[in-house]
Amino acid sequence: MKIGFILPGREFSNNFLDSWTNILFNIPKEWKWFHVSGYVPNIFYNRQALLDRARLFRPTHYMWIDNDQVFNFRQLEKLIQHEAVHAIDGWDDLRRRLQPDRRCFAFFHPQLPNEPLIFVEVALLPEIPAVITPLVDKKAETVHQASQYKVAAFYSISNCEPGLRGVSMGNFLIKRVAEQLHAEFPGIKTFVTLSPIPGFMDWVAAGAEIGGEKLGSQLKPAIRTSREKALESLGFNKRSWAERLSDGWHPDNASEKEKSALLCLASIYLGLGSASRNGNPVAKFHLGNGAKLHQINWAGDLSRKGLRQSAALMVNYLYDLSNVEENHERFTRGEIDYSRAVGRLMQL
């Protein structure tokens with residue numbers, strides 16, 4: 001990879017220079033880079049100088065750096081502070097999440113140009129992910145070959161402004177990000193999430209009711225039978241989920257019966273109950289934006305939080321850009337688009 005940087009003229013600050021020192025120092029050795037800067041504070045002059053030099057250097061990427069706004073460390077600190085799904089463990093962790101096979105996009109309002117309102121983190125991958133650990137491991141190896149990027153996985157969406165909770169902005173951001181990534185990497189054809197299932201185990205422990213008595217009575221007899229079998233297999237009427245966890249329950253030591261029961265209940269919870277008023281909030285967000293319930297993953301999040309809230313299950317929602325509007329309309333009518341694989345899980 002060859003990168004051409006353009007730095008501003010005389011007016012840039014010491015903080016800006018410090019930032020660039022850190023960034024350039026950590027560039028991988030196999031990358032080649034050069035920069036253009038001048039004593040005349042004229043960005044157009046510097047851009048022309050960059051282009052003149054680029055004729056010999058032939059960079060694969062350009063990075064236009066015109067002022068301190070580009071690397072505003074307060075903005076980066078907000079990302080660390082407000083990451084609500086997978087905590088960012090300091091600057092090394094953040095640096096990994098900004099490597100070439102990762103992207104971070106933020107939504108800004110014209111009245112607050114320096115304050116990210118919501119941001120989404122994306123991993124560029126060769127296949128759909130089922131486990132979160134490789135995506136958030138700060139020691140994970142970086143994939144530099146763009147030809148390997150076949151899937152864009154949205155693995156975290158966080159709101160930076162508590163006062164705007166409940167205001168749907170992520171839908172605009174996700175769709176724009178998908179379009180931009182597809183334009184940058186035409187080989188990326190698949191856009192998915194790797195999402196948590198908060199509240200799932202609380203729902204199971206409370207009896208796994210779907211959308212109240214009325215909606216629950218409309219379940220097909222085979223689905224009701226599967227739900228009852230799954231609840232009986234788990235036996236939470238004898239030992240609570242908290243007690244199971246304190247005794248060391250883990251997906252690796254779960255029986256096949258427990259695994260089938262949990263996957264069955266998760267498919268019912270997400271595939272049939274998400275459109276109800278008390279449906280899972282993450283599912284409602286993505287399905288309401290036009291995504292499809294694509295896949296439920298066993299042992300996807302082995303963190304304490306993941307075990308507690310969803311028995312380590314995670315889910316992929318698929319964004320097919322040609323179908324998002326139709327799926328959105330269907331969801332407003334209470335219909336949920338889910339894959340055959342998810343449908344099969346509903347039957348025990």
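Scroll up for the structure.
Residues numbered from 1 in each chain as written. Predicted model: local features only at pLDDT ≥ 70, side-chain atom pairs only at ≥ 80, totals over all residues. Heavy atoms only, no water.

Caption draft 1: Region of interest: the overall build of the protein. What the protein contains, in helices and strands, is 15 helices and nine strands. Scored against the burial criterion, the 348 residues of the protein give a buried share of 44%. Sequence-distant contacts, at least 24 apart, represent 73% of the contacts inside the protein between residues at least 6 apart. For the protein, the exposed surface amounts to about 18,700 Å²; the carbon and sulfur share of it is 52%. (Helix = DSSP H or I, 4+ residues; strand = E, 2+ residues; numbered from the N terminus. Buried < 20%, exposed > 50% of the residue type's maximum accessible area, 1.4 Å probe, protein only. Contact = heavy atoms within 4.5 Å. Areas by Shrake-Rupley, 256 points an atom, 1.4 Å probe, with all protein chains shown as cover.)

Caption draft 2: Region of the structure containing the nonpolar core. In this structure, Val122, Leu181, Phe200 and Leu270 are the most contacted members of the largest nonpolar core, which totals 59 residues. Here this core takes nine residues from helix 11 (residues 256-273), the largest share from any one element. Apart from the residues lying within four places of it in its own chain, the contact partners of phenylalanine 200 are Leu262, Leu265, Ala266, Tyr269, Gln309, Ser310 and Leu313. Among the nonpolar cores identified, the runner-up in size contains 11 residues, and Ala123, Val192, Leu194 and Leu318 belong to it. (Core = buried A, V, L, I, M, F, W, Y, C linked by side-chain atoms within 4.5 Å.)

Caption draft 3: Focus on the packing of helix 9 (residues 221-234) against helix 11. For the pair helix 9 and helix 11, interaxial distance at closest approach is 9 Å and the crossing angle is 135°. Viewed along their axes, helix 9 and helix 11 adopt a mutual orientation that is oblique. Here the hand of the crossing between helix 9 and helix 11 comes out left-handed. Between helix 9, through Ile223, Ser226, Arg227, Ala230, Leu231, Ser233 and Leu234, and helix 11, the contact on the second element is made entirely by Lys257, Glu258, Ala261, Leu262, Cys264, Leu265, Ile268 and Leu272. Taken together, the residues of the contact of helix 9 with helix 11 break down into 10 nonpolar, two polar and three charged. (Axes fitted to C-alpha atoms, helices over the stretch in contact; angles between N-to-C directions. Parallel < 35°, antiparallel > 145°, perpendicular 65-115°, else oblique. Left-handed = near helix turned anticlockwise from the far one by under 90°. Nonpolar A, V, L, I, M, F, W, Y, C, P; charged D, E, K, R; others polar.)

Caption draft 4: Structural detail: the environment of serine 156. Mapped onto the secondary structure, serine 156 falls in strand 6 (residues 151-159). When the C-alpha atoms of serine 156 and threonine 193 are compared, they prove to be 8.2 Å apart, with 37 residues separating the residues in sequence.

Caption draft 5: Seen up close, the pattern of salt bridges. Under the definition given, this model contains eight salt bridges. Ionic pairing is found between glutamate 335 and arginine 330, a salt bridge with its closest N-O pair at 3.3 Å. Connected through shared salt-bridge partners, Arg330, Arg333, Glu335 and Asp337 make up one network. (Salt bridge = Lys/Arg side-chain N within 4 Å of Asp/Glu carboxyl O.)

Caption draft 6: View of the side chain of asparagine 280. On the secondary structure map, asparagine 280 appears in the loop between helix 11 and helix 12 (281-288). For asparagine 280, the side chain forms a polar contact with the side chain of tyrosine 269, separated by 3.3 Å. Not counting the four nearest positions on each side in its chain, asparagine 280 is found in contact with Ile197, Pro198, Tyr269, Leu270 and Ser274. (Polar contact = N/O pair within 3.5 Å; in protein donor to acceptor, adjacent residues only side chain to side chain.)

Caption draft 7: Quick peek at the packing of aromatic side chains. Counted according to the given criterion, the structure contains eight aromatic pairs. The structure contains a cluster of three or more aromatic residues connected by ring pairs, namely Phe236, Trp241, Trp249 and Trp298. (Phe/Tyr/Trp six-rings, centres within 6.5 Å; stacked < 30°, edge-to-face > 60°.)

Caption draft 8: Quick look at helix 14 (residues 324-332). Within helix 14 the residues assigned to the buried category are Val324, Asn327 and Phe331. Looking straight down helix 14, one finds that the buried residues subtend no more than 65° of arc, so they occupy a single side. Contact partners of the buried residues in helix 14: helix 12 and strand 8 (292-297). Count one or two residues on from helix 14 and you reach glycine 334, which has phi positive near 90°. (Arc of directions from axis to C-beta.)

Caption draft 9: Spatial organisation of helix 9. Its 14 residues give helix 9 an end-to-end C-alpha distance of 20 Å, which sits within 8% of 20 Å, the value for a rise of 1.5 Å per residue. Of all the residues in helix 9, the buried ones are Ile223, Ser226, Arg227, Ala230 and Leu234. Viewed along the axis of helix 9, the buried residues span an arc of 100°, placing them on a single side of the element. The exposed set on the far side of helix 9, more than 90 degrees from its buried face, consists of Pro221 and Glu232. If you follow the buried residues of helix 9, they end up packed against helix 7 (200-205), helix 10 (241-246) and helix 11. Backbone geometry just downstream of helix 9 places glycine 235 in the positive-phi region, at approximately 60°. (Expected span 1.5 Å × (residues − 1).)

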